[in-house]
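For reference, the chains in residue letters:
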Amino acid sequence: MAETLLSVRHLCTRFETERGGFLAVDDVSFDIQRGETFALLGESGCGKSVTSLSIMRLLPEPAGRIVGGQVLLDGVDLLGLPELAMRRVRGNRIAMIFQEPMTSLNPVLSVGDQIAEVVILHRRLRGRAARSAVLELLEAVGIPDPERRYGEFPHQLSGGMKQRVMIAMALAGEPDLLIADEPTTALDVTIQAQVLDLLAELQRWRDMAMLLITHDLGVVAGMADRVAVMYAGQIVEQAPRRSFFAEPRHPYSRKLFQSLPDMHKRDRPLTVIPGTVPALDRPFRACRFAERCELAWQDCREQAPQWHAEGDGGVRCHLYDRLLSSRRPLHAAAAQPVTSEYTQREAPPAGGRLLEVEELKVHFPIQKGLFKRTVGHVHAVDGVSLRIDKGATVALVGESGCGKTTFGKAILQLIRPTAGRVVLEGTDLTRLRGEALRRRRSDFQIIFQDPFSSMNPRMRVEEIIQEGMVTLGLERDPQRRAQRVAELLQQVGLPVEARARYPHEFSGGQRQRICIARALAVRPKLLVCDEPTSALDISVQAQILNLLKDLQRELGLSYLFITHNLSVVGYLADQVAVMYLGRIVEHGRVAEVLNRPAHPYTEALLSAVPAVDADGRREVIRLEGDLPSPAAPPAGCHFHTRCPRAMPVCRERYPPVTELAGGHRVRCFLYGEG
Amino acid sequence: MTTVLEEIVGPDTLAYWRGLKPVLLWTDVLVFLLVGVLVICIWYARRREHLRAPWRQVFARPLAMAAAVVMSCFVVVGLLDSVHFREPLQPQGGQDGGQQQEVFHAVEVLSLLDLLLRPLKEQVEKTYSAPFATHLYAKETLELPDGTRVRDYPRLVYGGAHLEDPSERTADVLQRSLAGLATGLGWWLLFALLWVALLAYRHHRPFGSQLRQVLAGRTVLPWRVMLGVLALVFMAVAWAVELAPLYHIFGTDKVGQDVFYQTLKSVRTALVIGTLTTLVMLPFAVLLGLMAGYFRGWVDDVIQYLYTTLNSIPGVLLIASAVLMLQVYIDTHPEMFETAAERADMRLLFLCIILGVTSWTTLCRLLRGEALKLHGVDYVQAAVAFGVPHFRILSRHLLPNVMHIVLITVVLDFSGLVLAEAILSYVGVGVDPSMHSWGNMINGARLEMAREPMVWWSLLAAFVFMFLLVLAANLLADAVRDAFDPRTRDAAAGRES
């Protein structure tokens, strides 16, 4: 059965830019057997997508060029085929699904026609036969009511549905190999679980091989048979899943595991990989990971490591070279990371109340027609109450579209709430206007999700950080202000020289540090962190989380941490509130909510998070369908349409708050009436 | 100080310059204001890498570099023509000696360009003559020395007057052309060597290797192209300097004025229309566009209604009525204008303003869309979270990030406005008829196209110059758009590499 389908041998892909060329993929080799899932794991910019594009020969010409190696599909070298023959391979033998379902579908064609195009091209079916083949495919990827969906357009489908349509298109040619490039990164956890399940099922059913490209260790754990880790254009480790998760070999792989946040690590800083992934446009002579590796010794900085094959895998590291590792100085082995222990913090600090939100509502009018008549409201935030203590972290968890970002902005009065109160240290912010509000603005600040759009590209770092101080009149003396900027930069771990540069000169993680410095400049008491790490790589995420935790300890900040990532919640938060369709459905201490979830939605969310361990496959509570529209929420409990434990009463009215033990509150009839 | 100057230029010249009375026309003020602003902008942009980089990309394109050289030649002519003054009249009744006499100045307003082109300006023939002609284009009754009268083409007063025998003309023209071209080449060689030496000094390279770099076209900016185009410019200028005083190289018009002189004088009009109009329109478009996009709500509604209304009135109608009203006003208030030039200038300025008022809507609409997009961007939200006042957000966060759109529109509009002037003058609502402009030249030549034999040179001269200017502006605009538009920037960068 173990028959090699695709064999990539010493693949090298070169990119030419203004500043000269570089090898984006450098000597990459791997085999994929028929019917297996091979995962290519790596952080952004490590060359994993370029590898997949090279296999498909879809590199952006003429900037990208394959300069060496072979890609053998059933023994035929794809790199030697003429373009005409290659076109038959694409779709028929190898199909691909992309990360962004929003932009991969043509918005002016109905989804049925788009799938039919592939069917007609590759299976040479016509008319009625083609249509029934498309309906079969839609059925196969779990799209309900395929007859109706056939004629719908991409904008009428949700993100998860679009990704299913993409999968259906990929399957239409009945390929032997499916390349899935971050297939679920743009999706919510519950939808991600659905799509991953679907992929696994289809693969078993069709005996199709899959090349899964991802940065998510959890997805790898749940899906892959074998794993290859890429770093800076090279494969540094390759192993079967079980042994990879049991005992990662390469120092980089080990670090990746250690830098994952999780609840059990909350009393100590996360292990971080210092620095960032090196830019590829410089010559490498030594090990590419050496400067970030704490196990590195002299040899690592002088010569490039060879590939050491071991059983079913291998590793590219001097540690596994008998001759070289014998030369490794002993004291280096003892150089363990200096981890400062956090004092155990059982109860949240009793600093008193900082922020109290009462029945906050944000409704957006839906306007139609010539005279902009209001025909309805989007209930983005619909009666949320929340309390944040001084020095505490409250996490707000929910899927995209549940209103959590709107809630954050409403607290900051960036969006004016429709009703309710936001009381910060005794002042109701919703009543403040103009100058009075402006004077309070130094007390609460925000950190945004996307570090690339959150800074004005035309301003220097210094100007960016100073802006708040200048506006709020905190530091009027220019010299003192400059000094404060220097302090802030040091505080967030950036060199003082950064002040004179522009944002585009920094990496994502560094930009996020600048954003934190900007917010801290006005000495806020409350920081609203709107998914501050979700655009970052795992290793950088750990750095930022550590920084946030350090700052909280030093400055006594309170955080409202908005996220969809439950492992981050476990690591960072004291309290957690789960939001569904504009309302908080469960609220309590982190340990309570994550270990003993009460609401069925929380249960489903938790079960959908892919676990990072060797036997990652475990029982997932599958939620049917997508998040309903907040413009027309379902009657009764908003969750009843997707709830596996819905009762008749759920359809009638919204459940009241039920207090469970230890301040754990939930809105569900499962607990209320009992 | 004065004595030094006197020694250099001679006492007579100095006295002449002292006697001049400077005249500051409105458009002159605005033109020099614009130049000043540009100089400040360049100085500002030089120190900021994110502004320098796209400009470097613009000039790294050979075609754009060539266009820029051509454009700057036009600009030099236009600027020379923007320094105005009046000459003193010779005091009548002889020198009284010692007695201070009031000096009167001529009514005619001259510019530096007029001084340079004085021979062309003053060598006026009777009527039409073809380029390089020695005889008039119309027959006249001539009286021969022996008293007989014949009807023939008379010799020109100035054109080819140095020739004993008109049949020597072709040989003379050829010979002088060669001499002119050779002189131009010589000057160019001198300039090119100096330029390369300057480059070598700046890059700390030996002269020889710098020269090889330039010749092989391996420099970052395409100096080879620049020098090549300059060679053509130098040769053309030297050729004109050699020939224009002796012949009417573009012929003469109906009243015998030199067409070449008219064409050069028209450059300023075109440049003023192309640049001042945008200057007039920018504040409207930028402020209203950004405000509409940023504040939204009723502000947006009002501004949108304003520009959609303005946009639906035919532009020519608006311009024609405004210009005619202005003309009536000028005619009924002659005491307000000291000279004819000031009157013509006022009309030019108002033409710029009215063109600007009718053409700001496009840019305004573009900016509104961009500001709508930027309003939701995180860094604007962050500024709001700091309580930054609205107009600070508009000027610090929105404006710098839409500047590329403004720049692209301004450069693209320039050529359109130059052409618009020609069309409006043709319709009769353009610049003052006494003002030199390509539109007026075309308008004047249009009737003569029908006559036999045809008078074609006015039209052709205006056409060639206008074509050169507009083509250069368009090529430059293309490069500017590619370098500044974020959507094409990456693609362009890929191609340049």
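Keep in mind that what you see is a predicted model, and the values were worked out from it rather than measured.

Within chain A, the regular secondary structure consists of 24 helices and 24 strands. Computed over its C-alpha atoms, the radius of gyration of chain A comes to 27 Å, within 12% of the 26 Å expected for a compact globule of 674 residues. Here the C-alpha coordinates of chain A stretch approximately 75 × 70 × 50 Å along the principal axes. The long-range share in chain A, meaning contacts at least 24 apart out of those at least 6 apart in sequence, stands at 66%.

On to a nonpolar patch on the surface, then. Residues and elements named next belong to chain B. A surface patch of nonpolar side chains, about 780 Å² in accessible area, is lined by Met449, Met454, Trp456, Leu460, Phe463, Val464, Phe467, Leu468 and Leu471. For methionine 454, the location among the structural elements is in the loop between helix 17 (438–446) and helix 18 (457–484). What makes methionine 454 partly exposed here is its relative accessible area of 34%.

A few words on the sheet that holds strand 3 (residues 105–111) of chain B. Whether parallel or antiparallel, the strands of a sheet pair through hydrogen bonds between backbone atoms. Residue and element names in this part refer to chain B. With antiparallel pairing, the three strands of this open sheet are ordered in space as 1-2-3. Each of the sheet's edge strands pairs with one partner strand only, and the pair in question is strand 1 (21–23) and strand 3. For this sheet, the mean inter-axis angle between neighbouring strands, taken without regard to orientation, is 35 degrees. Where strand 2 (residues 84–88) meets strand 3, four bridges bridge the pair, whose relative direction is antiparallel. Within the sheet, the bridge partner assigned to phenylalanine 85 lies in strand 3 and is leucine 110.

The interface of chain B with chain A comprises 22 residues on the first partner and 29 residues on the second. Both faces combined, the contact of chain B with chain A buries some 2,400 Å², and carbon together with sulfur accounts for 53% of it. Taken as a group, His50, Asp378 and Phe386 of chain B account for 30% of the area that chain B buries against chain A, more than any other trio of residues on that side. Our count for the contact surface shared by chain B and chain A stands at zero salt bridges. Connecting chain B to chain A are 10 residue pairs in polar contact (both at pLDDT 80 or more). Mapped by element, the contributors of at least two residues to the side of chain B that touches chain A are helix 15 (378–385) and helix 16 (390–427) of chain B. Within the side of chain B that touches chain A, the residues separate by chemical class into 11 nonpolar, six polar and five charged.

Residues and elements named next belong to chain B. Averaged over every residue, the pLDDT of chain B is 86; residues scoring 70 or more account for 94%. Of all secondary-structure elements in chain B, the lowest mean pLDDT belongs to helix 19 (residues 486–496), at 50, while helix 5 (residues 62–80) reaches the highest, 93. In the predicted structure, residues 491–497 sits below a pLDDT of 50 and forms nine contacts with residues beyond four places in sequence or in another chain. The ipTM value of the predicted complex is 0.80, and its pTM value is 0.80.

Here we take up the side chain of glutamine 238 of chain A. All names here are of chain A. Positionally, glutamine 238 belongs in strand 10 (residues 234–240). The buried category is assigned to glutamine 238, whose relative accessible area is 8%. Those residues in contact with glutamine 238 that sit more than four places away from it in its chain are Ser29, Phe30, Phe38, Arg226, Val227, Ala228, Trp307, Gly313 and Gly314.

Once that is clear, we can look at the domain arrangement of chain B. Residues and elements named next belong to chain B. Parsing chain B into structural domains produces domain 1 (2–92 + 101–122), domain 2 (163–243) and domain 3 (265–496). Computed over C-alpha atoms, the centres of domain 1 and domain 3 are 23 Å apart. In this complex, domain 1 contributes 33 residues to the contact, which on the side of domain 3 involves 37 residues. Among the ionic pairs, arginine 268 bridges to aspartate 28, the shortest N-O distance being 2.5 Å. Run the count over domain 1 and domain 3 and you get 10 residue pairs in polar contact (both at pLDDT 80 or more). Listing elements by their share of the side of domain 1 that touches domain 3, those giving two or more residues are strand 1, helix 3 (26–46), helix 4 (49–60), helix 5, strand 2, strand 3 and helix 6 (112–116).

Moving on, we get to the environment of threonine 358 of chain B. Residues and elements named next belong to chain B. Its location among the elements puts threonine 358 in helix 14 (residues 340–375). C-alpha of threonine 358 to C-alpha of threonine 127: the two residues are 231 residues apart in sequence and 39 Å apart in space. Excluding residues that lie within four positions of it along the chain, threonine 358 makes contacts with Leu318 and Ile319. Engagement of the side chain of threonine 358 in a polar contact is seen with the backbone oxygen of leucine 355, the distance being 2.9 Å.

Residues and elements named next belong to chain A. Pairing within the open sheet is mixed, and its eight strands lie in the order 18-19-20-15-21-22-24-23. On the outer flanks of this sheet lie strand 18 (444–447) and strand 23 (658–659), each paired with one strand and no other. As defined by bridge partners, strand 15 (residues 393–397) adjoins strand 21 (residues 575–580) across four bridges and the pair is classed as parallel. In the strand pairing of strand 21, valine 397 is matched with valine 578.

A separate point is helix 14 of chain B. Over its 36 residues, helix 14 of chain B runs 50 Å from end to end, which matches the ideal 52 Å to within 8%, given 1.5 Å per residue. Along its length, helix 14 of chain B reaches its greatest deviation from straightness, about 40 degrees, at serine 359 of chain B.

Moving on to unusual backbone geometry. In this structure, glutamate 425 of chain A takes a positive phi of about 45 degrees despite not being glycine. Mapped onto the fold, glutamate 425 of chain A is located in the loop between strand 16 (419–424) and strand 17 (427–428). Positive phi is not limited to glycine here, since histidine 204 of chain B has a value of about 50 degrees. Its location among the elements puts histidine 204 of chain B in the loop between helix 8 (169–203) and helix 9 (207–216). Residue histidine 204 of chain B is classed as exposed on the basis of its relative accessible area, which comes to 71%.

Once that is clear, we can look at the packing of helix 7 (residues 159–172) of chain A against helix 8 (residues 189–206) of chain A. All names here are of chain A. As a packed pair, helix 7 and helix 8 sit with axes 10 Å apart at the nearest point and diverge in direction by 15 degrees. Classified by the angle between their axes, helix 7 and helix 8 sit roughly parallel to one another. Crossing of helix 7 against helix 8: the hand is right-handed. On helix 8, the residues that touch Gly160, Gln163, Arg164, Ile167 and Leu171 of helix 7 are Ile191, Gln194, Val195, Leu198, Leu199, Leu202 and Arg206. Grouping the amino acids of the contact of helix 7 with helix 8 by side-chain chemistry returns seven nonpolar, three polar and two charged.

It is worth spelling out the packing of helix 11 (residues 259–295) of chain B against helix 18 of chain B at this point. All names here are of chain B. Direction vectors running N to C along helix 11 and helix 18 enclose 40 degrees, while the axes themselves pass 10 Å from each other. When the axis of helix 11 is compared with that of helix 18, the two are oblique. Viewed along their axes, helix 11 and helix 18 form a crossing whose handedness is right-handed. Here Val259, Phe260, Thr263, Leu264, Ala270 and Leu271 of helix 11 lie close against helix 18, whose contacting residues are Trp457, Ser458, Ala461, Phe465 and Leu469. Here the contact of helix 11 with helix 18 is composed, by residue class, of nine nonpolar, two polar and no charged.

The next subject is helix 8 of chain A. Residues and elements named next belong to chain A. With 18 residues, helix 8 extends 25 Å between its outermost C-alpha atoms, agreeing within 8% with the 26 Å of an ideal straight helix rising 1.5 Å per residue. Most of helix 8 sits out of view: 13 of its 18 residues are buried. Immediately beyond the C-terminal end of helix 8, within one or two residues, lies aspartate 207, with a positive phi of roughly 55 degrees.

What follows concerns the packing of aromatic side chains. In this structure the tally under the stated criterion is 29 aromatic pairs over all chains. Between phenylalanine 15 of chain A and phenylalanine 22 of chain A, the ring centres sit 6.2 Å apart and the planes meet at 20 degrees, which makes this aromatic pair stacked. The exposure class assigned to phenylalanine 15 of chain A is buried, which follows from its relative accessible area of 15%. The class for phenylalanine 22 of chain A is buried, based on a relative accessible area of 18%. Ring geometry for tryptophan 17 of chain B versus phenylalanine 85 of chain B: centroids 6.5 Å apart, planes at 70 degrees, classification edge-to-face. Note that tryptophan 17 of chain B is positioned in helix 2 (residues 11–19) and phenylalanine 85 of chain B in strand 2, a separation of 68 residues in sequence. On the basis of relative accessible area, tryptophan 17 of chain B is assigned to the partly exposed category, the value being 42%. Residue classification places phenylalanine 85 of chain B among the buried positions, given a relative accessible area of 5%. Members of the aromatic cluster, each reached through a chain of ring pairs, are Phe74, Phe250, Phe260 and Phe465 of chain B.

Conventions adopted
Residues numbered from 1 in each chain as written. Chains lettered and ligands numbered in written order. Predicted model: local features only at pLDDT ≥ 70, side-chain atom pairs only at ≥ 80, totals over all residues. Heavy atoms only, no water. Helix = DSSP H or I, 4+ residues; strand = E, 2+ residues; numbered from the N terminus. Rg over C-alpha atoms; globule rule 2.2 N^0.38 Å. Contact = heavy atoms within 4.5 Å. Patch = residues over 30% accessible without salt bridge, like charges linked within 9 Å, V, L, I, M, F, W, Y side chains within 5 Å. Areas by Shrake-Rupley, 256 points an atom, 1.4 Å probe, with all protein chains shown as cover. Salt bridge = Lys/Arg side-chain N within 4 Å of Asp/Glu carboxyl O. Buried < 20%, exposed > 50% of the residue type's maximum accessible area, 1.4 Å probe, protein only. Pairing = 2+ DSSP bridges. Axes fitted to C-alpha atoms, helices over the stretch in contact; angles between N-to-C directions. Buried area = accessible area lost by both parts, 1.4 Å probe. Polar contact = N/O pair within 3.5 Å; in protein donor to acceptor, adjacent residues only side chain to side chain. Nonpolar A, V, L, I, M, F, W, Y, C, P; charged D, E, K, R; others polar. pLDDT = per-residue confidence, 0-100. Domains from an automatic or database assignment. Expected span 1.5 Å × (residues − 1). Bend = angle between axes of the 7 residues up to and from the residue. Parallel < 35°, antiparallel > 145°, perpendicular 65-115°, else oblique. Left-handed = near helix turned anticlockwise from the far one by under 90°. Phe/Tyr/Trp six-rings, centres within 6.5 Å; stacked < 30°, edge-to-face > 60°.

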